[in-house]
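Listed below are the residues making up each chain.
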Amino acid sequence: MNERSNIKKAIFPAAGLGTRFLPATKSSPKEMLPLVDKPMIQYVVEEAVASGIEDITIVTGRGKRAIEDFFDISFELEYELRKRGKAEILEQMQMISNMAKISYIRQKEPLGLGHAILVPRNLVGNQAFAVLLGDDIIDAEVPCLKQLIEVYERYKCSVIAVQRVHDDISQYGVIKPRHLENNVYQVLDLVEKPSPDEAPSDLAIIGRYILTPEIFDVLEKIGTDKTGEIQLTNGLRELSKRQAIYACEFKGKRYDAGNKLGFLQATVEFALKCPDLGREFAQYLASPELTALIAEKIGSPASSRREIISIESS
Ligand code: UTP
């Protein structure tokens with residue numbers, strides 16, 4: 001599929017302030033927070049590369065230099081690793097700087113996701129491209145972006161990733177869908193952060209998109225909203241009036257690593273999957289000390305069972 005795919009370029013908007021992780025994000029980017037031993041952005045770059053992306057533009061802002069250093073060659077580190085005979089880790093470090101062609105462009109002010117996508121307009125040119133948000137970490141057999149590209153290749157239209165959300169739908173952009181086939185829908189409308197009563201469905205928009213270049217004119221035309229930002233959801237709604245947009249209900253597990261709970265869930269589950277760490281970590285999770293700490297917070301299933309039995313027998 002990758003050989004035939006026209007989607008070779010991707011934008012990674014990474015200029016947000018990351019306020020939900022302050023103070024950690026005061027001087028280092030949210031995208032560099034590690035899930036076990038890899039920064040979040042590496043998972044997303046790996047997904048893009050596994051989906052056939054060759055050219056990545058990361059939209060950065062103030063305080064994001066660490067991202068550039070991470071994907072750059074580190075001569076000193078490589079020299080030291082070679083000297084110490086650490087061939088395996090050296091190879092991993094070289095792999096990071098060779099993963100894809102990565103360029104950087106600054107968004108001078110964080111004027112919203114829609115604005116961040118407009119910043120590299122000239123670098124993308126007149127072709128469909130991918131957008132990946134570094135907060136959404138997706139664990140999938142077939143990379144999520146690849147699933148979207150497959151839909152794009154069939155319909156040649158913008159494709160957005162959606163997943164069913166049952167709680168806190170009002171945190172998401174939500175689509176009004178028309179079912180087309182299997183896990184593919186046409187997007188009839190989009191609503192940003194609807195109340196549960198007003199949500200047109202339970203299909204929420206997740207941070208993976210294939211966009212046709214017409215989105216640029218649309219985003220420029222809609223301009224900023226009353227919060228002073230250019231919203232991508234508003235741009236997509238406008239685009240859906242001009243050309244069809246499709247949604248792909250991807251197969252895989254998504255972690256909302258842009259908030260603390262989602263980040264911790266991803267950390268625990270990824271650590272359990274680590275070949276060199278998983279077993280020991282599982283033992284720790286099942287240990288009496290940790291069970292006691294958990295019981296202090298929420299009570300333990302075992303103690304609630306004991307209470308029920310003692311009530312019944314008294
Ligand atoms: P978020 O809404 O998660 O904002 O942005 P944020 O600043 O990253 O984090 P919080 O909410 O303050 O904790 C979604 C994505 O859009 C990018 C962010 O970097 C993130 O990847 N973004 C957002 C920009 O690149 N520029 C912007 O002006 C806004």
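See the structure printed just above.
Below is a summary of the structure that appears in this document.

What counts and how
Residues numbered from 1 in each chain as written. Predicted model: local features only at pLDDT ≥ 70, side-chain atom pairs only at ≥ 80, totals over all residues. Heavy atoms only, no water. Salt bridge = Lys/Arg side-chain N within 4 Å of Asp/Glu carboxyl O. Helix = DSSP H or I, 4+ residues; strand = E, 2+ residues; numbered from the N terminus. Buried < 20%, exposed > 50% of the residue type's maximum accessible area, 1.4 Å probe, protein only. Core = buried A, V, L, I, M, F, W, Y, C linked by side-chain atoms within 4.5 Å. Contact = heavy atoms within 4.5 Å. Near = heavy atom within 4 Å. Polar contact = N/O pair within 3.5 Å; in protein donor to acceptor, adjacent residues only side chain to side chain. Areas by Shrake-Rupley, 256 points an atom, 1.4 Å probe, with all protein chains shown as cover. Nonpolar A, V, L, I, M, F, W, Y, C, P; charged D, E, K, R; others polar. Phe/Tyr/Trp six-rings, centres within 6.5 Å; stacked < 30°, edge-to-face > 60°. Lys NZ or Arg CZ within 6 Å of the ring centre and 35° of its normal. Axes fitted to C-alpha atoms, helices over the stretch in contact; angles between N-to-C directions. Parallel < 35°, antiparallel > 145°, perpendicular 65-115°, else oblique. Pairing = 2+ DSSP bridges. Left-handed = near helix turned anticlockwise from the far one by under 90°.

## Brief notes about the pattern of salt bridges
Counting across every chain of the model gives 23 salt bridges. The salt bridge involving Arg-65 is made with Asp-69; its shortest N-O contact spans 3.8 Å. One end of the pair, Arg-65, and the other, Asp-69, are both in helix H2 (residues 65-71), four residues apart, so they sit about a helical turn from each other. Judged by relative accessible area, Arg-65 falls into the exposed class, the value being 55%. Looking at Asp-69, the relative accessible area reads 46%, which means it is partly exposed. Members of the salt-bridge network, linked through shared partners, are Arg-20, Lys-30 and Asp-135.

## Digging into the nonpolar core
Side chains of nonpolar character tend, in soluble globular proteins, to be buried together. Ranked by size, the top nonpolar core spans 54 residues in total, and within it Phe-12, Ile-56, Ile-58, Phe-71, Ile-137 and Ile-210 carry the most contacts. Dropping the residues within four chain positions of it, Ile-137 is found in contact with Leu-35, Met-40, Tyr-43, Val-44, Arg-208, Lys-253, Arg-254, Tyr-255, Ala-257 and Phe-270. Formed by 30 residues, the second largest nonpolar core is a distinct cluster that contains Ala-116, Tyr-185, Leu-211 and Leu-236.

## Considering the site of the ligand
Near the ligand, the surroundings consist of 17 residues, among which Leu-17, Thr-19, Lys-30, Gln-107 and Gly-112 are the closest. Ala-15 places a polar main-chain atom, nitrogen or oxygen, 2.9 Å from an oxygen atom of the ligand. Residue Gly-18 places a main-chain N or O atom 2.9 Å away from an oxygen atom belonging to the ligand. The fraction of the free accessible surface of the ligand (570 Å²) that becomes covered by protein chains is 81%. A class-by-class count of the residues in the shell around the ligand yields eight nonpolar, five polar and four charged.

## What about the packing of aromatic side chains?
Per the stated rule, a full pass over the model turns up seven aromatic pairs. Note on Tyr-43 and Phe-270: the rings are 5.2 Å apart at their centroids and 55° apart in plane angle, and the pair reads as tilted. Note that Tyr-43 is positioned in helix H1 (residues 40-50) and Phe-270 in helix H10 (residues 260-273), a separation of 227 residues in sequence. Here Phe-270 falls in the buried class, since its relative accessible area comes to 10%. Ring centres 5.1 Å apart and planes at 5° place the aromatic pair Phe-129 and Phe-216 in the stacked group. Of the two residues, Phe-129 sits in strand S6 (residues 129-132) while Phe-216 sits in helix H8 (residues 214-222), which places them 87 residues apart along the sequence. You'll find Phe-129 and Phe-216 in the same group, each marked buried. Through a chain of ring-to-ring contacts, the aromatic side chains of Tyr-43, Tyr-255 and Phe-270 assemble into a single cluster. A cation over a ring is seen here: Lys-38 above Tyr-43, with NZ or CZ 4.6 Å from the ring centre.

## Observations concerning the packing of H10 against helix H11 (residues 278-285)
How two helices pack is summed up by the angle between their axes together with the distance between the axes. Direction vectors running N to C along H10 and H11 enclose 130°, while the axes themselves pass 6 Å from each other. Relative to H11, the element H10 is oriented oblique. Residues Val-268, Ala-271 and Leu-272 of H10 form the contact with H11, whose own contacting residues are Gly-278, Phe-281, Ala-282 and Leu-285. Per-class residue counts for the contact of H10 with H11 are six nonpolar, one polar and no charged.

## With respect to the environment of Asp-37
Position of Asp-37 relative to the elements: it lies in the loop between strand S2 (34-35) and strand S3 (38-39). Taking the C-alpha atoms as reference points, Asp-37 and Ala-271, 234 residues apart in sequence, are found 9.1 Å from one another.

## Looking at the pairing of strand S4 (residues 55-60)
Within S4, six of the six residues are buried, which leaves the element mostly enclosed by the surrounding structure. Of the two faces of S4, the one holding Asp-55, Thr-57 and Val-59 and the one holding Ile-56, Ile-58 and Thr-60 are both buried throughout. Bridge analysis of strand S1 (residues 9-13) against S4 gives five bridges, and the strand direction is parallel. In the sheet register, Ala-10 faces S4, and the bridge partner there is Ile-56.

## Side note on the packing of helix H3 (residues 75-83) against helix H4 (residues 87-98)
Following both chains from N to C, one finds H3 and H4 inclined at 155°, their axes separated by 9 Å at the closest point. Classified by the angle their axes make, H3 and H4 are roughly antiparallel. The two elements H3 and H4 meet at a crossing, and its hand is left-handed. Of the residues in H4, those touching H3 at Leu-77, Glu-78, Leu-81 and Arg-82 are Ile-89, Leu-90, Met-93, Gln-94 and Ser-97. Of the residues that constitute the contact of H3 with H4, the class distribution is five nonpolar, two polar and two charged.

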